[in-house]
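What follows is the residue order along each chain.
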Amino acid sequence: ILEHILQRHFKLDARHLSLKVDPFWSITPYSLPHCRRMGEKTASSALNAAFDHLESTLRRVCNSRKFVPLKLMDCVRIDASLWHVTAWPPKAINMAYASYALVDGVPALQVALKFNANEFWPNSGVKAVNSLKLALYIQLQRGLQHCRVRTLLSKQYLDVLMDGYCFRCCIVADTDFVVHKYAQLQHVRYHFRFLPKLGKLIEGVSAKYAYYAPSVSLVQRWLHCNLFSHLIDAPVVAVLVADLFVNSDSLPCPQSEFVAFVRFLHLLRTFAWLEKPYVVDLGCGGSGSGGGGGGG
(Lines give C-alpha, C1' and ligand atoms only; values in the text may rest on other atoms or scores of the structure.)
Protein backbone atom coordinates (compact mmCIF):
# COMPACT_ATOMS: atom_id res chain seq x y z
CA ILE A 1 0.00 0.00 0.00
CA LEU A 2 2.78 2.40 0.92
CA GLU A 3 4.63 1.68 -2.32
CA HIS A 4 1.45 2.30 -4.32
CA ILE A 5 0.85 5.65 -2.59
CA LEU A 6 4.42 6.81 -3.12
CA GLN A 7 4.46 5.80 -6.77
CA ARG A 8 1.05 7.14 -7.72
CA HIS A 9 0.73 10.32 -5.66
CA PHE A 10 4.37 11.32 -5.26
CA LYS A 11 5.51 10.06 -8.69
CA LEU A 12 8.49 8.21 -7.23
CA ASP A 13 10.34 5.54 -9.15
CA ALA A 14 10.10 2.04 -7.65
CA ARG A 15 13.86 1.64 -8.07
CA HIS A 16 14.37 4.40 -5.51
CA LEU A 17 12.17 2.74 -2.86
CA SER A 18 13.24 0.16 -0.31
CA LEU A 19 11.22 -1.37 2.51
CA LYS A 20 12.78 -2.02 5.91
CA VAL A 21 11.25 -3.84 8.86
CA ASP A 22 11.36 -1.45 11.82
CA PRO A 23 9.57 -2.56 15.03
CA PHE A 24 8.87 1.01 16.28
CA TRP A 25 12.55 1.79 16.88
CA SER A 26 12.45 4.77 14.55
CA ILE A 27 9.72 6.52 16.56
CA THR A 28 11.16 5.78 20.01
CA PRO A 29 14.85 6.65 19.68
CA TYR A 30 15.11 9.07 22.60
CA SER A 31 13.61 6.76 25.21
CA LEU A 32 15.78 3.67 24.75
CA PRO A 33 17.78 3.18 27.95
CA HIS A 34 20.80 1.68 26.19
CA CYS A 35 21.18 4.81 24.05
CA ARG A 36 22.63 6.56 27.09
CA ARG A 37 25.09 3.73 27.67
CA MET A 38 26.22 3.83 24.05
CA GLY A 39 26.88 7.57 24.36
CA GLU A 40 24.69 8.66 21.49
CA LYS A 41 24.00 12.40 21.40
CA THR A 42 20.23 12.22 21.71
CA ALA A 43 17.94 14.79 23.27
CA SER A 44 17.41 12.53 26.27
CA SER A 45 21.11 12.11 27.01
CA ALA A 46 21.71 15.85 26.59
CA LEU A 47 18.92 16.59 29.07
CA ASN A 48 20.35 14.11 31.58
CA ALA A 49 23.79 15.67 31.25
CA ALA A 50 22.32 19.15 31.79
CA PHE A 51 20.51 18.01 34.94
CA ASP A 52 23.68 16.40 36.31
CA HIS A 53 25.54 19.65 35.61
CA LEU A 54 22.82 21.61 37.44
CA GLU A 55 22.93 19.31 40.45
CA SER A 56 26.72 19.42 40.73
CA THR A 57 26.73 23.23 40.42
CA LEU A 58 24.05 23.66 43.08
CA ARG A 59 25.87 21.32 45.45
CA ARG A 60 29.10 23.23 44.92
CA VAL A 61 27.38 26.55 45.67
CA CYS A 62 25.50 25.27 48.74
CA ASN A 63 28.24 23.13 50.25
CA SER A 64 30.70 26.02 50.19
CA ARG A 65 28.45 27.79 52.77
CA LYS A 66 29.60 31.11 51.31
CA PHE A 67 26.20 32.07 49.89
CA VAL A 68 23.68 29.57 51.33
CA PRO A 69 23.88 28.57 55.02
CA LEU A 70 22.20 25.21 54.41
CA LYS A 71 23.59 22.05 52.85
CA LEU A 72 21.80 20.72 49.78
CA MET A 73 20.64 17.16 50.48
CA ASP A 74 18.75 16.26 47.31
CA CYS A 75 17.86 17.68 43.89
CA VAL A 76 14.65 15.88 42.92
CA ARG A 77 13.19 15.54 39.42
CA ILE A 78 9.55 16.66 39.40
CA ASP A 79 8.96 17.18 35.69
CA ALA A 80 8.03 14.00 33.82
CA SER A 81 10.50 14.90 31.06
CA LEU A 82 13.31 14.09 33.50
CA TRP A 83 12.11 10.53 34.14
CA HIS A 84 13.57 9.14 30.86
CA VAL A 85 10.18 8.02 29.54
CA THR A 86 8.90 11.01 27.59
CA ALA A 87 8.17 10.64 23.88
CA TRP A 88 9.30 14.18 23.09
CA PRO A 89 12.14 15.23 25.38
CA PRO A 90 12.83 18.98 25.15
CA LYS A 91 15.78 19.91 23.02
CA ALA A 92 18.56 22.24 24.05
CA ILE A 93 18.22 25.84 22.87
CA ASN A 94 21.08 28.00 21.77
CA MET A 95 21.09 30.61 24.50
CA ALA A 96 22.89 33.06 22.26
CA TYR A 97 19.50 33.72 20.65
CA ALA A 98 17.42 33.60 23.88
CA SER A 99 16.57 36.73 25.80
CA TYR A 100 17.66 37.20 29.40
CA ALA A 101 14.03 37.43 30.52
CA LEU A 102 13.31 33.88 29.32
CA VAL A 103 10.32 34.96 27.24
CA ASP A 104 11.34 33.11 24.08
CA GLY A 105 9.38 29.95 24.79
CA VAL A 106 12.04 28.08 26.74
CA PRO A 107 10.13 25.28 28.56
CA ALA A 108 10.77 25.24 32.31
CA LEU A 109 11.54 21.86 33.90
CA GLN A 110 10.53 21.71 37.56
CA VAL A 111 13.11 20.60 40.10
CA ALA A 112 12.69 20.41 43.89
CA LEU A 113 15.56 21.38 46.20
CA LYS A 114 15.69 19.78 49.64
CA PHE A 115 18.13 21.06 52.25
CA ASN A 116 19.28 19.46 55.49
CA ALA A 117 16.76 19.47 58.33
CA ASN A 118 16.89 22.66 60.34
CA GLU A 119 14.86 24.20 63.14
CA PHE A 120 14.82 27.75 61.78
CA TRP A 121 11.95 27.01 59.36
CA PRO A 122 8.78 28.74 60.71
CA ASN A 123 6.11 26.39 62.05
CA SER A 124 3.23 28.79 61.39
CA GLY A 125 2.46 31.29 58.68
CA VAL A 126 2.78 30.68 54.97
CA LYS A 127 4.08 34.21 54.46
CA ALA A 128 6.98 33.64 56.86
CA VAL A 129 8.01 30.43 55.08
CA ASN A 130 7.79 32.07 51.65
CA SER A 131 9.86 35.05 52.85
CA LEU A 132 12.59 32.72 54.06
CA LYS A 133 12.49 30.84 50.77
CA LEU A 134 12.85 34.12 48.87
CA ALA A 135 15.96 34.96 50.91
CA LEU A 136 17.44 31.57 49.96
CA TYR A 137 16.53 32.13 46.30
CA ILE A 138 18.41 35.44 46.37
CA GLN A 139 21.48 33.80 47.89
CA LEU A 140 21.32 30.95 45.40
CA GLN A 141 21.14 33.43 42.55
CA ARG A 142 24.22 35.24 43.86
CA GLY A 143 26.11 31.99 44.14
CA LEU A 144 25.14 30.89 40.63
CA GLN A 145 26.07 34.29 39.22
CA HIS A 146 29.46 33.83 40.87
CA CYS A 147 29.73 30.62 38.83
CA ARG A 148 28.67 32.55 35.70
CA VAL A 149 25.32 30.79 35.40
CA ARG A 150 22.38 32.75 34.03
CA THR A 151 19.32 32.86 36.29
CA LEU A 152 15.96 34.60 36.63
CA LEU A 153 14.63 35.26 40.12
CA SER A 154 10.97 35.03 41.11
CA LYS A 155 9.17 35.09 44.46
CA GLN A 156 8.14 31.45 44.10
CA TYR A 157 11.10 29.88 42.27
CA LEU A 158 14.48 30.40 40.62
CA ASP A 159 14.91 29.70 36.91
CA VAL A 160 18.39 28.45 36.03
CA LEU A 161 19.68 28.31 32.46
CA MET A 162 22.00 25.34 32.15
CA ASP A 163 23.38 23.90 28.90
CA GLY A 164 20.45 25.12 26.82
CA TYR A 165 17.71 24.09 29.26
CA CYS A 166 15.69 26.07 31.79
CA PHE A 167 15.34 24.38 35.19
CA ARG A 168 12.75 25.85 37.57
CA CYS A 169 14.14 25.24 41.05
CA CYS A 170 11.63 25.22 43.92
CA ILE A 171 12.73 24.96 47.56
CA VAL A 172 10.89 22.44 49.75
CA ALA A 173 10.82 23.57 53.39
CA ASP A 174 10.61 21.19 56.33
CA THR A 175 7.37 22.84 57.46
CA ASP A 176 5.66 23.10 54.06
CA PHE A 177 3.21 20.35 54.98
CA VAL A 178 2.40 22.09 58.29
CA VAL A 179 1.78 25.71 57.33
CA HIS A 180 -0.26 25.07 54.17
CA LYS A 181 -3.96 24.30 54.43
CA TYR A 182 -6.71 22.81 52.27
CA ALA A 183 -6.16 23.29 48.51
CA GLN A 184 -2.64 24.64 48.93
CA LEU A 185 -1.68 21.63 51.05
CA GLN A 186 -2.99 19.26 48.37
CA HIS A 187 -0.96 21.09 45.72
CA VAL A 188 2.21 20.98 47.82
CA ARG A 189 1.79 17.29 48.64
CA TYR A 190 1.25 16.39 45.00
CA HIS A 191 4.24 18.32 43.61
CA PHE A 192 6.79 17.95 46.40
CA ARG A 193 5.95 14.59 47.99
CA PHE A 194 4.08 12.41 45.48
CA LEU A 195 5.78 13.34 42.18
CA PRO A 196 9.37 12.98 43.51
CA LYS A 197 8.60 9.50 44.88
CA LEU A 198 6.82 8.52 41.68
CA GLY A 199 9.73 9.78 39.58
CA LYS A 200 12.25 7.65 41.48
CA LEU A 201 9.96 4.63 41.18
CA ILE A 202 9.56 5.13 37.43
CA GLU A 203 13.32 5.47 37.01
CA GLY A 204 13.78 2.17 38.85
CA VAL A 205 11.30 0.40 36.59
CA SER A 206 12.97 1.92 33.52
CA ALA A 207 16.39 0.69 34.66
CA LYS A 208 15.09 -2.84 35.29
CA TYR A 209 13.03 -3.32 32.11
CA ALA A 210 14.76 -2.28 28.89
CA TYR A 211 11.54 -2.02 26.86
CA TYR A 212 9.57 -0.05 29.44
CA ALA A 213 10.66 3.43 28.34
CA PRO A 214 10.10 2.76 24.59
CA SER A 215 6.65 1.36 25.43
CA VAL A 216 5.68 4.52 27.33
CA SER A 217 6.91 6.59 24.40
CA LEU A 218 4.84 4.52 21.96
CA VAL A 219 1.69 4.77 24.10
CA GLN A 220 2.11 8.53 24.44
CA ARG A 221 2.43 8.89 20.68
CA TRP A 222 -0.70 6.79 20.14
CA LEU A 223 -2.66 8.89 22.62
CA HIS A 224 -1.43 12.06 20.94
CA CYS A 225 -2.36 10.85 17.46
CA ASN A 226 -5.88 9.99 18.68
CA LEU A 227 -6.26 13.36 20.47
CA PHE A 228 -6.32 11.74 23.91
CA SER A 229 -3.05 13.14 25.27
CA HIS A 230 -4.77 16.11 26.94
CA LEU A 231 -7.18 13.76 28.75
CA ILE A 232 -4.60 11.49 30.42
CA ASP A 233 -1.67 12.87 32.41
CA ALA A 234 1.82 11.64 31.65
CA PRO A 235 2.36 10.17 35.17
CA VAL A 236 -0.83 8.10 34.77
CA VAL A 237 0.43 6.66 31.48
CA ALA A 238 3.81 5.85 33.02
CA VAL A 239 2.16 4.03 35.95
CA LEU A 240 -0.25 2.01 33.77
CA VAL A 241 2.55 0.84 31.46
CA ALA A 242 4.79 0.07 34.44
CA ASP A 243 2.06 -2.18 35.83
CA LEU A 244 2.13 -4.20 32.58
CA PHE A 245 5.80 -4.99 33.19
CA VAL A 246 5.90 -5.41 36.97
CA ASN A 247 2.59 -7.25 37.36
CA SER A 248 2.27 -9.31 34.19
CA ASP A 249 0.36 -12.04 36.10
CA SER A 250 0.36 -15.33 34.16
CA LEU A 251 1.76 -13.69 31.03
CA PRO A 252 5.50 -13.29 30.51
CA CYS A 253 7.04 -9.86 30.82
CA PRO A 254 6.76 -7.90 27.54
CA GLN A 255 9.92 -8.36 25.47
CA SER A 256 9.12 -5.61 22.97
CA GLU A 257 7.34 -2.29 22.94
CA PHE A 258 4.79 -3.72 20.48
CA VAL A 259 3.70 -6.41 22.96
CA ALA A 260 3.40 -3.85 25.74
CA PHE A 261 1.41 -1.54 23.45
CA VAL A 262 -1.06 -4.32 22.56
CA ARG A 263 -1.51 -5.19 26.24
CA PHE A 264 -2.13 -1.51 27.01
CA LEU A 265 -4.88 -1.37 24.39
CA HIS A 266 -6.37 -4.57 25.81
CA LEU A 267 -6.34 -3.02 29.27
CA LEU A 268 -8.13 0.10 28.05
CA ARG A 269 -10.78 -2.04 26.36
CA THR A 270 -11.48 -4.65 29.03
CA PHE A 271 -11.22 -2.83 32.37
CA ALA A 272 -14.39 -1.25 33.82
CA TRP A 273 -12.94 2.22 34.42
CA LEU A 274 -16.26 3.81 35.46
CA GLU A 275 -17.19 1.11 37.96
CA LYS A 276 -14.07 0.55 40.08
CA PRO A 277 -10.64 2.10 40.65
CA TYR A 278 -7.50 0.69 39.09
CA VAL A 279 -5.07 -0.04 41.92
CA VAL A 280 -1.40 -0.58 41.05
CA ASP A 281 1.29 -2.23 43.16
CA LEU A 282 4.74 -1.70 41.65
CA GLY A 283 6.53 -3.97 44.09
CA CYS A 284 6.90 -1.72 47.12
CA GLY A 285 7.01 -4.53 49.61
CA GLY A 286 5.28 -7.39 47.84
CA SER A 287 4.44 -8.98 44.52
CA GLY A 288 0.93 -7.69 44.06
CA SER A 289 -1.01 -7.84 40.86
CA GLY A 290 -2.42 -4.78 39.15
CA GLY A 291 -5.54 -5.39 37.20
CA GLY A 292 -7.71 -2.98 39.10
CA GLY A 293 -7.59 -3.76 42.74
CA GLY A 294 -5.45 -6.89 42.69
CA GLY A 295 -2.43 -5.12 44.16
CA GLY A 296 -2.56 -3.32 47.48
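A quick note: this is a predicted structure, and the numbers were derived from the prediction, not measured. Position numbers for residues count from 1 along each chain, tracking the sequence in the order it is written. With the structure being a predicted model, the display of local features is reserved for residues of pLDDT at least 70 and the display and counting of side-chain atom pairs for 80 or more, all residues being used for whole-chain, interface and lining totals. Just so you know, side-chain values use all the structure's heavy atoms and leave hydrogens and water out.

Draft legend 1. Layout of the pattern of salt bridges. We count a salt bridge whenever a side-chain nitrogen from Lys or Arg sits within 4 Å of a carboxyl oxygen from Asp or Glu. As enumerated under the stated definition, the model contains four salt bridges in all. Taking the shortest distance from any N to any O, the salt bridge between Arg59 and Glu55 comes out at 3.2 Å. Of this pair, Arg59 and Glu55 both sit in helix H3 (residues 43–63), four residues apart, which is roughly one turn of the helix. Relative accessibility decides the category of a residue: with a 1.4 Å probe and only protein chains considered, values under 20% of the type maximum give buried, values over 50% give exposed, and everything between is partly exposed. With relative accessibility at 25%, the residue Arg59 sits in the partly exposed group. Arg168 serves as the salt-bridge partner of Asp159, at 2.9 Å between the closest nitrogen and oxygen. With relative accessibility at 3%, the residue Asp159 sits in the buried group. For Arg168, a relative accessible area of 23% puts it in the partly exposed group. Numbering goes from the N terminus for both helices and strands, where a helix is a DSSP run of H or I of at least four residues and a strand is a run of E of at least two.

Draft legend 2. A look at the environment of Val85. Relative to the helices and strands, Val85 is located in the loop between strand S1 (72–77) and strand S2 (108–115). By relative accessible area, which is 3% here, Val85 ends up buried. Here the alpha-carbon distance between Val85 and Gln220, two residues 135 residues apart in the chain, equals 9.6 Å.

Draft legend 3. Expanded view of the packing of helix H7 (residues 212–225) against helix H9 (residues 257–270). Viewed as axis vectors pointing N to C, H7 and H9 meet at an angle of 50°, and their least axial separation amounts to 9 Å. With respect to H9, the element H7 is oriented oblique. You can see that H7 and H9 cross each other, and the crossing is right-handed. Contacts between H7 and H9 involve Pro214, Ser215, Leu218, Val219 and Trp222 from the former and Glu257, Ala260, Phe261, Phe264, Leu265 and Leu268 from the latter. When residue character is reported, Ala, Val, Leu, Ile, Met, Phe, Trp, Tyr, Cys and Pro are called nonpolar, Asp, Glu, Lys and Arg charged, and the others, Gly included, polar. Here the residues of the contact of H7 with H9 are counted per class, giving nine nonpolar, one polar and one charged. For helices, the fitted axis covers only the stretch in contact; all axes are lines through C-alpha atoms, and the angles between them, taken along N-to-C directions, range from 0 to 180 degrees. Each angle gets one of four labels, with under 35 degrees taken as roughly parallel, over 145 as roughly antiparallel, 65 to 115 as roughly perpendicular, and the rest as oblique. The handedness criterion is simple: a crossing whose near helix is rotated anticlockwise from the far helix by less than a right angle is left-handed, and one whose near helix is rotated clockwise is right-handed. Only heavy atoms matter for contacts: two residues are in contact if any of them lie within 4.5 Å across the pair.

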